[in-house]
Amino acid sequence: MGLCLALLFLILKLAIVAFAVNSSTSTLKEDCVDDIVGGVVLQFNIYQTSCPEAEDIIFSWSGGPGWEVQMGRRDSLSANKAAATNNIPAPNSTVPILLTKFQNVGLSLTDVVALSGAHTMGKARCAVFSSRLGGGGSGSGGGAEINLDFIQSLQQLCSEPDSSQSLAQLDLVTPATFDNQYFVNLLSGEGLLPSDQALVTDDDQTRNLVQMYAEDLSAFFEDFKNSMLRMGSLGVLTGNSGEIRRDCRTVN
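Residues numbered from 1 in each chain as written. Predicted model: local features only at pLDDT ≥ 70, side-chain atom pairs only at ≥ 80, totals over all residues. Heavy atoms only, no water.

- As recorded by an unreviewed UniProt entry, the protein chain carries the name peroxidase and is attributed to Tripterygium wilfordii.
- According to its UniProt record, the protein chain has this under Catalytic activity (unreviewed entry): "2 a phenolic donor + H2O2 = 2 a phenolic radical donor + 2 H2O".
- What UniProt records for the protein chain under Function (unreviewed entry) is the sentence "Removal of H(2)O(2), oxidation of toxic reductants, biosynthesis and degradation of lignin, suberization, auxin catabolism, response to environmental stresses such as wounding, pathogen attack and oxidative stress. These functions might be dependent on each isozyme/isoform in each plant tissue." (UniProt positions renumbered as here; feature names shortened; annotations may be inferred.)

Structural data, given as structure tokens:
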């Protein structure tokens, strides 16, 4: 369950941060942004009723897909940071590790690749992708697709003083657009995170999906939308389980 909520929150956090940068062109209110975070991760009913325009703002402003968020999800009565962290794949994960983590919560290999496409936006610190500086595609350091120019640019960025906190774009080509450029980058050896590049170097099935999404934007958008809906339906609390929070941040 931690993986589901963490990935949902990560994707929405990227969108909301970028939205805040461009807030001068939108009329979305601050309290509505607060409801977006609570609405999608915790309070689907509040999200859908108080901010019906939110899903379009989150993705359409960046060129991405939209979908109707399902209503009726109840909130948990507790939170477990350790359990959530344990379910999140590390940035140097190999494909077998990624697949195991996703399958443990009921997601598939297609979900792994489609949801990884959320890395079409965002940034990462040098400390997170340090194992890529040697050219490796995954935690094992393997992989034939080594783009020396790309690796050298990362080495230069991360060789500066106090560079562990330096940031690099997950997608250098279209960092502010939700598109399929991330997959094109992987085929060119320009995946920033080791777990990203591993999708091409570690497994033929994931590589085939990367190739398909790189060539077919509509296919990526459709699979990404469906994967997000599947995540939203994992571990749903119903009946007397959980509660509907009055404040997204705390239990009632």
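Thoughts on the overall build of the protein chain
Then step 1. Of the regular secondary structure elements, the protein chain holds twelve helices and two strands.
Then step 2. Reading the protein chain from its N terminus to its C terminus gives the helix and strand order α-α-α-α-α-α-α-β-α-β-α-α-α-α.
Then step 3. Sorting the 252 residues of the protein chain into buried and exposed places 46% on the buried side.
Then step 4. Long-range contacts, defined as pairs at least 24 residues apart, comprise 74% of the intrachain contacts of the protein chain with a sequence gap of at least 6.
Then step 5. Accessible area for the protein chain stands at about 12,100 Å²; split by element, carbon and sulfur atoms hold 52% of it. (Helix = DSSP H or I, 4+ residues; strand = E, 2+ residues; numbered from the N terminus. Buried < 20%, exposed > 50% of the residue type's maximum accessible area, 1.4 Å probe, protein only. Contact = heavy atoms within 4.5 Å. Areas by Shrake-Rupley, 256 points an atom, 1.4 Å probe, with all protein chains shown as cover.)

Description of the state of the cysteines
Then step 1. Applying the stated rule across the entire model yields one disulfide.
Then step 2. Across the disulfide from Cys-126 sits Cys-158; the S-S distance is 2.1 Å. Judged by the sign of its S-S torsion, about -85°, the cystine formed by Cys-126 and Cys-158 is left-handed. Taken together, the residues span a long stretch of sequence, with Cys-126 in the loop between β1 (123-125) and α8 (148-157) and Cys-158 in the loop between α8 and β2 (167-169) at a distance of 32 residues. Here Cys-126 and Cys-158 have matching classes, each one buried. (Disulfide = S-S within 2.5 Å.)

Overview of the pattern of salt bridges
Then step 1. Using the criterion set out here, one finds two salt bridges in the structure.
Then step 2. Residue Glu-222 pairs with Lys-225 through a salt bridge whose shortest N-O separation is 3.3 Å. Here Lys-225 and Glu-222 lie together in helix α12 (residues 217-232), a separation of three residues that amounts to about one turn.
Then step 3. Classification of Glu-222 as partly exposed rests on a relative accessible area of 39%. (Salt bridge = Lys/Arg side-chain N within 4 Å of Asp/Glu carboxyl O.)

Concerning the UniProt feature "binding site: substrate" (unreviewed entry) in the protein chain
Then step 1. Look at the UniProt record and you will see "binding site: substrate" (unreviewed entry) annotated at Pro-89.
Then step 2. Assignment of secondary structure puts Pro-89 in the loop between α5 (81-87) and α6 (95-104).

Topic: the confidence of the model for the protein chain
Residues shown with low pLDDT carry predicted positions that ought not to be read at fine detail.
Then step 1. Residues of the protein chain with pLDDT of at least 70 account for 71%, and the chain-wide mean is 75.
Then step 2. Least confident of the elements in the protein chain is helix α1 (residues 2-21), whose mean pLDDT is 39; most confident is helix α11 (residues 204-215), at 97.
Then step 3. Throughout residues 1-57 the model reports pLDDT below 50, and contacts reaching past four residues in sequence, or to other chains, amount to 101 contacts.
Then step 4. Per-residue pLDDT stays below 50 along residues 138-144; that stretch engages in 16 contacts with residues further than four places along the chain or on separate chains. (pLDDT = per-residue confidence, 0-100.)

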